[in-house]
Amino acid sequence: MRLDKFLKVSRLIKRRTIANEACDNERVNVNGRPARASYTVKPNDIIELRFGQRTLKVEVLSISEHASKSDAPAMYREISD
């Protein structure tokens with residue numbers, strides 16, 4: 001699954017266009033490297049999102065084309081530094 005779609009389906013970012021812009025502005029890293037929106041997300045990838053001063057780091061647990069609001073958090077695990 002594409003990175004921008006994963007961010008939207010997992011509800012880490014509200015809209016796919018915003019996820020796309022975040023990737024274009026290098027605010028999204030996957031496994032320590034800046035990632036493009038077309039990057040193919042795989043289980044065990046570490047995604048790092050920067051929202052202003054705040055950074056969110058998650059590990060991908062599963063990938064699903066569709067997820068309800070209650071199922072979305074099961075797609076990733078938050079990592080604290």
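Everything below is about the structure shown above.
A quick note: this is a predicted structure, and the numbers were derived from the prediction, not measured.

Enquirer: Even after reading the chapter, I still don't get the overall build of the chain, so can you show me in this structure?
Expert: Scanning the chain from terminus to terminus reveals two helices and five strands. Reading the secondary structure of the chain in the N-to-C direction produces α-α-β-β-β-β-β. Here the C-alpha radius of gyration of the chain, 11 Å, is about what a compact globule of 81 residues would show, namely 12 Å. Over its C-alpha atoms, taken along the principal directions, the chain stretches across nearly 30 × 30 × 20 Å.

Enquirer: Explain the sheet that holds strand E5 (residues 76–79) to me, please; I cannot follow it from the model alone.
Expert: Strand-to-strand pairing in sheets goes through backbone hydrogen bonds, with the strands running parallel or antiparallel. Across the sheet, which stays open at both edges, the five strands sit in the order E2-E1-E3-E4-E5 with antiparallel pairing between neighbours. Lying at the two open borders of the sheet, with one neighbouring strand each, are strand E2 (33–34) and E5. The pairing of strand E4 (residues 54–60) with E5 spans four bridges and is antiparallel. Bridging across to E5, Glu-59 finds its partner in Arg-77.

Enquirer: It is not clear to me how the pairing of E4 should be interpreted in this structure. Could you clarify?
Expert: One face of the sheet, then the other: side chains in a regular strand alternate in exactly this way. Here strand E3 (residues 46–51) runs beside E4; their pairing, made up of six bridges, is antiparallel. By the bridge assignment for E4, Phe-51 is matched with Arg-54. Connecting the antiparallel pair E3 and E4 is a turn made up of two residues, with Gly-52 showing a positive phi of about 60°.

Conventions we followed
- Residues numbered from 1 in each chain as written.
- Predicted model: local features only at pLDDT ≥ 70, side-chain atom pairs only at ≥ 80, totals over all residues.
- Heavy atoms only, no water.
- Helix = DSSP H or I, 4+ residues; strand = E, 2+ residues; numbered from the N terminus.
- Rg over C-alpha atoms; globule rule 2.2 N^0.38 Å.
- Pairing = 2+ DSSP bridges.

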